[in-house]
Structure formats: structure tokens, C-alpha cells
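A closer look at the structure
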Amino acid sequence: MSLPKTLAEDVAKNLVMVARLLDEDPERAYGYAKVALRLASRVATVREAMGFAAYGAEKYAEALAEFRAARRMTGSQHLWPVMADCERGMGRPEKALAMAGEPEVKKLDKAGQVEMRLVAAGARRDMGQTEAAVVTLQSPELASSSVQPWSARLRYAYADALLEVGREAEARDWFARALEADQNGTTDASDRLAELDGIEFLDAFDPEADPEADRGTEDASHKAAEAEGSRDDGPEAPEGRSLGD
């Protein structure tokens, strides 16, 4: 609303493309975000979008700078967890862990606090503190049987941490719980469960992955070899004569 109408529409179109491409093509999303930033660098929403585009493209230092700018403009704390994760991306898990203990975390809503817990657990794992990562994820939100937007990711992260410390049976149980809560397919919990159960999925459209096709190919090869052998073992000419005489 702070921009002239035509400029606002141009900026909005670029932000729409950022949202559409962020998951499937982060580099293109980043390109659109740069255009929006050039047009409206004083709009907090644009700075935030630029931050997420840079984050998706793994340009963590740039993402952190944009998130900080957006936070200064709005005074909101909702970007705190992703800012901490940028610190992880820059190889500074200690800084991310320190941010998890700052007063800003108490100002987050429930989803933000769960996100901060996920980032903190990831930082623990980055530092080789795998048992501490398991403990970090243990929370009322994890124990709750109700399904919330964050449930699948929280349960998945806990299962993954359990697996890393060798608690495979518990990990399998939590991957199953993650799958139950994963209504939008945000995790690969089903694949992880199959891997733990020793199940291998085959692509029905890939002949190389089809045992029946393999057997059919082998049978055809054997028949071809037998036919070739029959031709090689054909009638011989009587002694002293050649075939065709």
C-alpha cells in the first residue's frame, strides 16, 4: 500500500513468482526476489521474501541480512528461528544454539517455538551432541496425540535423532507417527520406514527394476543362444564333398 499502484503491481507479480518457484526452483525464485528488492527495498515484505529466496538458494549470509532488515522494519520476532538456522547454514551452530536461549523465543507463537526447538536440535547434532539433540526435541508438543501443522516435522526429527543414537526400534515407531501426521507429504517418513523394514520399492515403468522383465530378457537371450547353436550345429557334408555339391 505504500507504493504507487503500477509499481505495487510489478512488485507483487515478482513476489508471486517467488512463492511459486521457491520449492521447485530456488535459483529462479531468487532472481525474481532480486527484481522485487530492486523495485521496493524499503518494504518489509519484500525484504522478508528476499530472505527466504536467498535461504532457499543456500545463500545464508545474504538471507540473514535480509531477515534482520525485515525484523528491524516490523519489530516482529517470527523470523527468529530461520535466522538461527541461517547461522547453522553458515557453520555457526553455537550461535544458533545461543539464539535458542534468548528472550525473543518467548515472544514466538507455538509454531515458532517448535521451529526454534527443531533448529536447536539440529545445532546440537551439528556439534556432535546427538544425545542432547534427542533430549532437546522431547516436549509437550512431541508427546501430544493431536495433529498440528508442525507435528509431522517434529516427530520426524525426533525419529531421525533416535536413529542416529542407535535406538532403531523407537525410531521406527516415531517415523510411523510422523507418517500418520504428514497429511501434505512434507517428509519422506514412508521411505524411511520402508528402509528400516528392508522393503525396496521398484519403479513399475523402469524395465531394469522389474524382475519379470529381467527374467524375460534372460529367457530371450537363452533362446537366441540356442537358435545360434542350432545353426552352428547344422548338417555336415559327407566326407569328401562340400555342401552344395
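Everything below is about the structure shown above.
Residues numbered from 1 in each chain as written. Predicted model: local features only at pLDDT ≥ 70, side-chain atom pairs only at ≥ 80, totals over all residues. Heavy atoms only, no water.

1. Considerations on the overall build of the chain
Along the chain, the regular secondary structure elements total 13 helices and 0 strands. Its helices and strands taken in sequence order, the chain reads α-α-α-α-α-α-α-α-α-α-α-α-α from the N to the C terminus. Burial status across the chain gives 34% buried among its 245 residues. (Helix = DSSP H or I, 4+ residues; strand = E, 2+ residues; numbered from the N terminus. Buried < 20%, exposed > 50% of the residue type's maximum accessible area, 1.4 Å probe, protein only.)

2. A look at helix 1 (residues 5-21)
Here helix 1 spans 25 Å end to end across 17 residues, near enough to the 24 Å set by a 1.5 Å rise per residue. All of the buried residues in helix 1 are V11, N14, L15, V18 and L21. End-on, the buried residues of helix 1 take up no more than an arc of 135 degrees, which puts them together on one face. Facing away from the buried side of helix 1 by over 90 degrees, the exposed positions are K5, T6, K13, A19 and R20. As for helix 1, its buried residues are in contact with helix 2 (26-39) and helix 3 (44-56). (Expected span 1.5 Å × (residues − 1). Arc of directions from axis to C-beta. Contact = heavy atoms within 4.5 Å.)

3. Considerations on the packing of helix 8 (residues 130-137) against helix 10 (residues 151-164)
Close contact between helix 8 and helix 10 brings their axes to 9 Å; oriented N to C, the two are set at 155 degrees. The angle between helix 8 and helix 10 places the two elements in the roughly antiparallel class. The handedness of the crossing between helix 8 and helix 10 is left-handed. On the side of helix 8, the interface is formed by T130, V134 and L137, while helix 10 contributes L154, A157, Y158, A161, L162 and E164. In the contact of helix 8 with helix 10, the residues fall into 7 nonpolar, 1 polar and 1 charged. (Axes fitted to C-alpha atoms, helices over the stretch in contact; angles between N-to-C directions. Parallel < 35°, antiparallel > 145°, perpendicular 65-115°, else oblique. Left-handed = near helix turned anticlockwise from the far one by under 90°. Nonpolar A, V, L, I, M, F, W, Y, C, P; charged D, E, K, R; others polar.)

4. Some thoughts on unusual backbone geometry
Despite not being glycine, E58 has its phi angle at roughly 60 degrees, a positive value. For E58, the location among the structural elements is in the loop between helix 3 and helix 4 (60-74). E58 sits in the exposed class, given a relative accessible area of 58%.

5. Considerations on helix 7 (residues 110-126)
Between the first and last C-alpha of helix 7 there are 24 Å, a value that for 17 residues agrees with the 24 Å anticipated at 1.5 Å per step. What helix 7 keeps buried is the set G112, V114, M116, L118, V119, A120, A121, G122 and A123. Contacts made by the buried residues of helix 7 are with helix 5 (80-89), helix 6 (93-99), helix 8, helix 9 (140-143) and helix 10. Two residues or fewer after helix 7 comes G128, characterised by a positive phi angle close to 80 degrees.

6. A word on the nonpolar core
Core analysis: the largest hydrophobic core is formed by 34 residues, its most contacted members being V46, F67, W80, M83 and M116. Elements that contribute at least two residues to this core include exactly helix 1, helix 2, helix 3, helix 4, helix 5, helix 6 and helix 7. Here V46 is in contact with V11, L15, A36, L37 and A40, once residues within four sequence places are set aside. Within the second largest apolar cluster, 21 residues are counted, among which are A121, L142, A159 and A189. (Core = buried A, V, L, I, M, F, W, Y, C linked by side-chain atoms within 4.5 Å.)

7. Here's the deal with the packing of aromatic side chains
Applying the stated criterion across every chain, the model contains 4 aromatic pairs. Ring geometry for F52 and F67: centres 5.0 Å apart, planes at 70 degrees, overall edge-to-face. Here F52, found in helix 3, pairs with F67, found in helix 4; they are 15 residues apart in sequence, far enough to count as distant. Take F52: its relative accessible area is 31%, and that puts it in the partly exposed class. By relative accessible area, F67 is classed as buried at 0%. The lysine or arginine in question, K59, covers the ring of Y30, its NZ or CZ lying 5.0 Å from the ring centre. The ring of W174 has R177 sitting right over it, with the charged end atom 4.2 Å from the ring centre. (Phe/Tyr/Trp six-rings, centres within 6.5 Å; stacked < 30°, edge-to-face > 60°. Lys NZ or Arg CZ within 6 Å of the ring centre and 35° of its normal.)

8. Some details on the pattern of salt bridges
Throughout the structure, instances matching the rule amount to 15 salt bridges. A salt bridge links E141 to K110; the shortest N-O distance between them is 2.9 Å. Within this pair, whereas E141 is found in helix 9, its partner K110 is found in helix 7, the two being separated by 31 residues in sequence. A residue is classified by how much of its surface remains accessible, and E141, at 17% relative accessible area, is buried. Here K110 falls in the partly exposed class, since its relative accessible area comes to 41%. Across the pair E164 and R125 runs a salt bridge whose closest N-O atoms are separated by 2.4 Å. In this pair, E164 sits in helix 10 while R125 sits in helix 7, placing the two residues 39 residues apart along the sequence. Each of R125, D160, E164 and R192 takes part in one network of salt bridges that share partners. (Salt bridge = Lys/Arg side-chain N within 4 Å of Asp/Glu carboxyl O.)

Distances and angles like these do not, on their own, reveal function.
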